[in-house]
Each structure stands twice: as structure tokens, then as C-alpha cells.
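Understanding the architecture of this molecule
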Amino acid sequence: MLEVLTQKLSKVFDRLQGRGKLSEGDIDEALRQVRLALLEADVNFKVVKEFLSKVKEQSLGTEVLHSLTPAQQVIKIINKELIVILGKEPSCLASASHLPSVALLVGLQGSGKTTTAVKLAVQLKQGGQRPLLVAADTRRPAAVEQLKSLAKQQDIPIYSEDSKVAPITICKHALKEAKERASTWIIVDTQGRLHIDEAMMAELADVKSALQPSEVLLTVDAMTGQDAVRVAQEFHSRIGLTGLILTKMDGDARGGAALSIRFISGIPIKFMGTGEKINALEPFYPDRLASRILGMGDMLSFIEQAEKTFDQQQAKDLERKMRSTGFDLEDLLSQMRQIHKMGSLGQLVEMIPGFSKFAPYSPDEEGEKRLKKVEAIILSMTYEERHNPTIINGSRRRRIARGSGTTPKDINQVLNYFYQVRKLTQSLTRGKLPKNIMNMFNMPTP
Ligand SMILES: Nc1nc2c(ncn2[C@@H]2O[C@H](COP(=O)(O)OP(=O)(O)OP(=O)(O)O)[C@@H](O)[C@H]2O)c(=O)[nH]1
Ligand SMILES: [Mg+2]
């Protein structure tokens, strides 16, 4: 996410920190570099100008804090002003005074409305709400099916009708259905077009006045740069928006949209989409994105992500199983998959303060390779072998190695790892720790 900008800023900061005392010339030179980096990232020039003039003013006029070096002071000011540009405070979803609350998702074609509608419903459900998805995109033939299938995968109820029915009618019926189901939120997926279009705007305005949503959220593709800003302004002036959702922030976007859109449009960014997977939606925290952009890492986001990804129920089942000492190779695999799901090592490294410079060399692929290998090995075992690995003798080992395209030595490594994890969990449940605990977490190497 915004790696290029982060790398450029990192270089500027390194150069600054190499100097003890900063002259006005040093600061000017650093800010000139920051300006170039921002413009190259396609940040709106008005935003850049405003941002730099504030940073400069404070860098020169600031009283000296003894705990910080001059360079650190400048970085601190840059961080503070970046947070201001991004919206300062996080902005949450607003619910209605009487239930159900309605969120209308609008945006251009392919900007991520349908995916985000489901992501949002899943988050609401995780937060204890009862969401109902509504398929009000009757224009694109496959749109209803796409929403239905995503909703089904996530076990979220959906309301849809024949695509000949007008969206406004579908929405009115959905409202009734939501009341019967005692839903607390309605999330409406709407049609999108390639460009701002009269017919689309008229339809959205109708749906809006029928539903009186507490949230009208525009999904904007972060990769579209300055265009995204124009689209947001247009939608806002035509139908009135309450918030923005920046999608595809995981792409190698230059970042201009993220940094300009709030400042120029005045509309708060409420969420950002960071991947195609359904759990890849994060509440938008200006301070966290700022520190990520500046390469200062973001542990908080990571922890939150990890908590969400780790399936609570699965975790409980696993724990129960471990306690009953029936822990087997299938459980090991599911445990490793969960850890992997929390984010690739690459993302992890990026989020640790000070490590962003090394991110391009992160052992990201290695982790993936390692999991794939363990997966291949365990899947090449018979049911009996997975549940009772003590029966794996030399000939079975050779067979498994052939089946998984590995060597008997690899099989041994996986089995050793498995026994270590099982021993550890058994000791933990008996309340004592094995002596060689530090060696316990050496996963098999690829
Ligand atoms: N990488 C990435 N892909 C995303 C993200 N959000 C959506 N996508 C992908 O973008 C594509 C379009 O998403 P949709 O949700 O279908 O977009 P839409 O706005 O509903 O499109 P229309 O219904 O055609 O107007 C899909 O392939 C999604 O998987 C994101 O945050 N990151
Ligand atoms: Mg759609």
C-alpha cells in the first residue's frame, strides 16, 4: 500500500536524520523532496501546497523539544499535518434513530460496491448487528447472482426480486422484509456505470428518498487517482454523500486519491478495502494511515486484523481438542492455515515500526511456500496416518514423499514439528512448560 511514496519519504527522512542541527536550507530541501514525492504520487496540488506551507511554518517556528532531534521534530510535524489532511478523527457508521438503519452503497462500475456491501455486512454481523443485504442493481444481468452467492458464502440474509422490478420497489419491499426479520441494518447494493450518468443519478436519488438512509457511501477505486476526487465531488453534489470507502488500497496505487479526497471533497473516509477477500475491509484511521505512509508501521491495525481473521469458533474447537489430547495432523494444518490467513509475513513486516525499509525483501513468498509444502505432505497421508502418525514407518514415509513431491526428510521435519506442538500444548494444559520452549516454534523450512 502506497509503497513507492513510503520509500521516497523514508529516503528524505534518512537524509534529514543524518544531520545534527537543521538550517532553514536543510528544511527547505527536505520539503522540496517531500513535495516531489507527493506530486509523483498524484496528490492534488492544492493539498500539497496547503500541507507544505503548514509544515514549513511549524518547522521554523517550533519551540525546541529536548527529547527529540531536529529531524524527529520535522517528522513529527509532517505526521501531524498528514493526519489533518486525512481527516483527523476516525469517522464511524451512523445508525438511524429507529431501526433498521440503512446504508446505500453507490459508485461507478467496478469500484467495489457489491464486494464492499458484503464486507460491510460481515463486519456488522461480527459486531452483533443483524444485517440484510438488498440486491438493487437490476441493470447488470449477473449482479443479483454475484451478491447472492457472496451473501450465501458468508451466511448473510439477502433480499432480491426479479430484475424486471424497479430498484425503488425492491427497496420498499426490502424495508418491510427487514422489519419482519427484525434486521438492524439494511445494506443496499446499487447499479454502477462507467461514467457519471443522468439515469443512474436519477435512480439513486429516488432510492435515497424512499429509504432515507443514515449512510450514503461512495466506493471509490483508490487506483484511479485524481479522477476519484472528481467522481466524489460529482456524486456528492448530485445525491449527497455521508462517507467514502476507498477500495483497492492493496494495489500499487500511487496514493493520490487517499491523500486528496478528504481534503478536497470534505467528505470523511469511513473504510478502506485492502483486498479481494471478504475480511479485507478496515475502518479508516487517519493517524494509522499517516504512520504507515511515513513508514512508521502500524501494529494496531495488524492486531485488529488478526483478531478478526482468527475464527473464534474454530479457535475454541481447536482448544477443546488440544485439551482432550486428540490433537492430530489435520488440526496442525488448520492451525497453520489460520496463522497464515492473518496476513502474509510481508504485511506483518510492513507494520512493524522501522521495518518498512526492508519490506521488499520480506520472506513473504517463503512463508507461503512453507505452508504449501506442509499442506501437500499432510494431504498425501491417509486418514489413518493423519490421525495416528505413529504408524508412519519408512515405507509409508517414502510413499508420502512421492505423493507430495518432497523427501522423507521433509516428512520427518513435519512430524517432528507436529510432535513438538502437541507436546507443548499438552504441557500447557497440564500447567507446566517444557524446558526447550524456545525451540518449539521452529517451523519446518521450505
Ligand atoms: N484488490 C482488491 N480488489 C477489490 C477490492 N474491492 C473490490 N475488489 C474487486 O474489484 C472487482 C469489482 O468489484 P465489485 O464489487 O463487483 O464492483 P461493483 O462496484 O459492484 O461493480 P458493478 O456492479 O459492475 O458496478 C471485483 O473483482 C472485486 O473482487 C479491494 O479492496 N481490493
Ligand atoms: Mg456490483
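Residues numbered from 1 in each chain as written. Chains lettered and ligands numbered in written order. Predicted model: local features only at pLDDT ≥ 70, side-chain atom pairs only at ≥ 80, totals over all residues. Heavy atoms only, no water.

The next subject is the site of ligand 1. Surveying the vicinity of ligand 1 reveals 20 residues, the closest of which are Gly112, Lys113, Thr114, Thr115 and Asp250. Gly110 is positioned with one of its backbone polar atoms (N or O) 2.9 Å from an oxygen atom of ligand 1. Interatomic distance of 2.9 Å between a backbone N/O atom of Lys248 and an oxygen atom of ligand 1. Burial of ligand 1 by the surrounding chains reaches 82%, relative to a free accessible area of 650 Å². With four residues, the single largest contributor to the shell around ligand 1 is helix H5 (residues 113–126). (Near = heavy atom within 4 Å. Polar contact = N/O pair within 3.5 Å; in protein donor to acceptor, adjacent residues only side chain to side chain. Areas by Shrake-Rupley, 256 points an atom, 1.4 Å probe, with all protein chains shown as cover. Helix = DSSP H or I, 4+ residues; strand = E, 2+ residues; numbered from the N terminus.)

For helix H7 (residues 167–181), built from 15 residues, the straight-helix expectation of 21 Å at 1.5 Å per residue is met to within 8% by its first-to-last C-alpha distance of 20 Å. Those residues of H7 that sit buried are Pro167, Ile170, Cys171, Ala174, Leu175 and Ala178. Seen from one end, H7 has its buried residues packed into an arc of 145°, which puts them on one side. Among the exposed residues of H7, those pointing more than 90 degrees away from its buried face are Lys176, Lys179 and Glu180. On its buried face, H7 sits against strand S1 (101–106), strand S2 (131–136), strand S3 (158–159), strand S4 (185–190) and helix H8 (198–211). Of the residues one or two after H7, Ala182 is the one with positive phi, at around 60°. (Expected span 1.5 Å × (residues − 1). Buried < 20%, exposed > 50% of the residue type's maximum accessible area, 1.4 Å probe, protein only. Arc of directions from axis to C-beta. Contact = heavy atoms within 4.5 Å.)

So, on to the packing of aromatic side chains. If you walk through the whole model with that rule in mind, you get one aromatic pair. Here Phe418 and Tyr419 contribute two aromatic rings whose centre-to-centre distance is 5.4 Å and whose plane-to-plane angle is 55°, an arrangement assigned as tilted. The ring of Tyr285 has Arg288 sitting right over it, with the charged end atom 3.8 Å from the ring centre. (Phe/Tyr/Trp six-rings, centres within 6.5 Å; stacked < 30°, edge-to-face > 60°. Lys NZ or Arg CZ within 6 Å of the ring centre and 35° of its normal.)

This part is about unusual backbone geometry. Of note, the bond from Leu99 into Pro100 is cis; its omega dihedral lies within 30 degrees of zero at -5°. Positionally, Pro100 belongs in the loop between helix H4 (70–86) and S1. Even without a glycine there, the phi angle at Asp42 is positive, about 70°.

Its location among the elements puts Asp189 in strand S4. The buried charged residue Asp189 lacks any salt bridge, with Lys113 as its nearest oppositely charged partner at 5.8 Å. A distance of 2.9 Å separates the side chain of Asp189 from the side chain of Thr114, its partner in a polar contact. When neighbours within four sequence positions are excluded, Asp189 is seen to be in contact with Lys113, Thr114, Val134, Ala135, Ala136, Asp137 and Leu147. (Lys, Arg positive; Asp, Glu negative; His and termini not counted. Salt bridge = Lys/Arg side-chain N within 4 Å of Asp/Glu carboxyl O.)

With 15 residues, helix H1 (residues 3–17) extends 21 Å between its outermost C-alpha atoms, agreeing within 8% with the 21 Å of an ideal straight helix rising 1.5 Å per residue. Every buried residue belonging to H1 is among Leu5, Thr6, Leu9, Ser10, Val12, Phe13 and Leu16, and all of these are buried. For H1, the arc enclosing every buried residue in end-on projection is 165°, short of the 170-degree limit, so these residues lie on one face. For H1, the exposed residues set more than 90 degrees away from the buried face come down to Val4 and Lys11. On the buried face of H1, the contacting elements are helix H2 (24–40), H4, helix H10 (256–265) and helix H11 (286–293).

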